[in-house]
Amino acid sequence: MAEKTLTIEGVEPLLLFGFNDTYLRTIEAAFADTRITARGQQLFLKGDEESIRRIEQVLGEMTRILTRNGNLTERDVDTVLDLTTVGNGLPRADTTDVVLFTPSGGVIKAKTPGQVRLVESARQNDIAFAVGPAGTGKTYLAVALAVSALKSRQVKKLILSRPAVEAGESLGFLPGDFRDKIDPYLRPLYDALEDMIPRDKLAAYLDQNVVEIVPLAYMRGRTLSSAFVILDEAQNATAAQMKMFLTRLGPGSRCIITGDVTQTDLPNRADSGLVHATRILHGVDGIDFVEFNRGDVVRHRLVMDIIEAYEKHEDEKE
């Protein structure tokens, strides 16, 4: 492995590197087994010699574009990469399905057909429903899409919600303060956010209400503008709650609703707002439904077999 240090001169590093080093992560993903670290005006490159040489070419061309135009866009970076890598015979990794670069240097991308459809749907529609079994990555991918929208300043805040149906939505009898009461039901959303946003920044976002994680019952009466809103475990929302949630959306807002209609905790499955919405909202312009199946499962290999066994049992009962 070779290493090289570059000093950026003549342009503003923040504009060259992209917000939160987005452009650097895009370059890094385009070259296998390379690492780019930014510190002030210096870049530290680590990888094979050929990749480092080509990364220098990419950065040089990006610098020229930035000097000429005064700004740099994601499309500029993609164009430079295509010309510099593919044009010179070096295969470029596909970054079109990358949703988010994580603080640890990893990437979150669509891995299954259902996940690919959800990414496309969320980018083309204001409201997307992701419906399917557990273990298909619906919630995690939805949170990644929301964080990506926040980081790229497409929205001003994130709101993540779940019905706390196990606590009867009242939460009053549970011990502790408000956060103590709701944390067990919202913990999966916190876990996903902690993978995608540095801990100190997430704490600041939560304090400033840039990121809100709230039970569904607390959404009533609000109007949500310039927000990315997620309703998770939507099979546990009643039809009235689903209508209330969907009518919260204001100008500039987008929404992803996730759930599994086979796992509702409501007394009567027919009361599920997710089942009801699936039935009456098909065909509404700007709303899309993405169906996941056991082929999209990304957890332990046994999860797919467990889902298949339960589906077979339900079919036999009918």
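Here we summarise the structure given alongside this text. Computed from a predicted model, the values in this text were never measured in an experiment.

### Looking at empty space enclosed by the protein
Enumeration according to the criterion identifies one cavity of 30 Å³ or more in this entry. Roughly 40 Å³ of internal volume is contained in the largest cavity. Lining the largest cavity are Asn20, Val147, Leu150, Lys151, Ile197, Lys201 and Tyr205. Of all the secondary structure elements, the ones that give two or more residues to the lining of the largest cavity are helix 6 (138-151) and helix 8 (199-207). By residue number, the principal contributor to the lining of the largest cavity is helix 6, which donates three residues.

### Observations concerning the nonpolar core
The biggest cluster of nonpolar side chains holds 39 residues, and the ones touching the most others in it are Leu158 and Leu193. The biggest single contributor to this core is helix 6, with nine residues. Membership of the second largest hydrophobic core comes to 25 residues, among which are Val58, Ile65, Val80 and Leu81.

### Focus on the sheet that holds strand 10 (residues 254-259)
Ordered by their spatial adjacency, six strands build an open sheet running 8-7-9-10-6-11, and the pairing between neighbours is parallel. In the strand order of this sheet, the two ends are held by strand 8 (211-215) and strand 11 (287-291), each with one partner. On average, each strand axis in the sheet is tilted by 15° relative to the strand beside it, whichever way the strands run.

### Concerning the sheet that holds strand 3 (residues 42-47)
The sheet built from three strands is open, its strands ordered 1-3-2 with antiparallel pairing. Two strands in the sheet have a free side with no partner beyond their single neighbour: strand 1 (2-7) and strand 2 (35-39). Neighbour to neighbour, the strand axes of the sheet diverge by 15° on average, direction disregarded. Bridge count for strand 2 against strand 3 is five bridges, and the pairing is antiparallel. Its bridge partner lying in strand 3, threonine 37 is registered against phenylalanine 44. Here helix 2 (residues 22-30) sits on the sheet and contacts strand 2 and strand 3; the angle it forms with strand 2, its principal contact strand, is near 160°.

### Side note on the packing of aromatic side chains
Following the criterion strictly, the structure yields one aromatic pair and no others. Taken together, a centroid distance of 4.5 Å and an interplanar angle of 10° make the contact between phenylalanine 129 and phenylalanine 289 stacked. Of the two residues, phenylalanine 129 sits in strand 6 (residues 127-131) while phenylalanine 289 sits in strand 11, which places them 160 residues apart along the sequence. One Lys or Arg, arginine 39, reaches over the ring of phenylalanine 44 and ends 5.1 Å from the middle of that ring. Positioned above the aromatic ring of phenylalanine 19, the side-chain terminus of arginine 153 is 4.4 Å from the ring centre.

### Remarks on helix 8
Within helix 8, the full set of buried residues consists of Leu202, Tyr205 and Leu206. Each buried residue of helix 8 lies within a common arc of 95° when the element is viewed along its axis, so the set occupies one face. Along helix 8, the residues that are exposed and aim more than 90 degrees away from the buried face are Asp200 and Asp207.

### Quick notes on the pairing of strand 7 (residues 157-162)
Within strand 7, six of the six residues are buried, which leaves the element mostly enclosed by the surrounding structure. Here strand 7 shows no split at all, with Lys157, Ile159 and Ser161 on one side and Leu158, Leu160 and Arg162 on the other all buried. In this structure, strand 7 lies alongside strand 9 (residues 227-231), joined through five bridges in parallel fashion. Bridging across to strand 9, lysine 157 finds its partner in alanine 227. Where strand 7 and strand 8 come together, five bridges link them in parallel fashion. Bridge pairing in strand 8 places serine 161 opposite valine 214.

Each value, and the rule that gives it
Note that residues are indexed from 1 along each chain, following the sequence as it is written. Under the rules for a predicted model, residues below a pLDDT of 70 receive no local features and side-chain atom pairs below 80 are neither given nor counted, while totals for whole chains, interfaces and linings still include all residues. No hydrogens and no water enter the side-chain calculation; it runs on all heavy atoms of the structure. We place a 1 Å grid over just the protein atoms. Points where a 1.4 Å probe fits but has no way out form a cavity, open points with protein on both sides within 12 Å along at least 5 of 7 lines form a pocket, and any residue with an atom within 4 Å of a point lines it. Grid points are joined across faces, edges and corners, and a volume is the space filled by probe spheres set on the points. Only DSSP runs of H or I reaching four residues or more are called helices, and only runs of E reaching two or more are called strands; each is numbered from the N terminus. Side-chain atoms within 4.5 Å are what join buried Ala, Val, Leu, Ile, Met, Phe, Trp, Tyr and Cys residues into a set we call a nonpolar core. Accessibility here uses a 1.4 Å probe with only protein chains present; expressed as a share of the type maximum, an area under 20% marks a residue as buried, one over 50% as exposed, and anything in between as partly exposed. Two strands qualify as a pair provided DSSP detects at least 2 bridges between them. An axis is simply a line fitted to the C-alpha atoms; with a helix, the fit covers only the stretch in contact. Between two such axes, the angle follows the N-to-C directions and lies from 0 to 180 degrees. The contact definition used throughout considers only heavy atoms, calling two residues in contact when any of these lie within 4.5 Å. What counts as a ring pair is set by centres within 6.5 Å for rings of Phe, Tyr and Trp (its six-membered ring), and what kind of pair is set by the plane angle: stacked under 30 degrees, edge-to-face over 60, tilted for all other angles. Throughout this description, the term charge over a ring refers to an Arg CZ or Lys NZ atom that lies within 6 Å of the ring centre and within 35 degrees of the ring normal. Directions drawn from the helix axis to the C-beta atoms are what define this arc.

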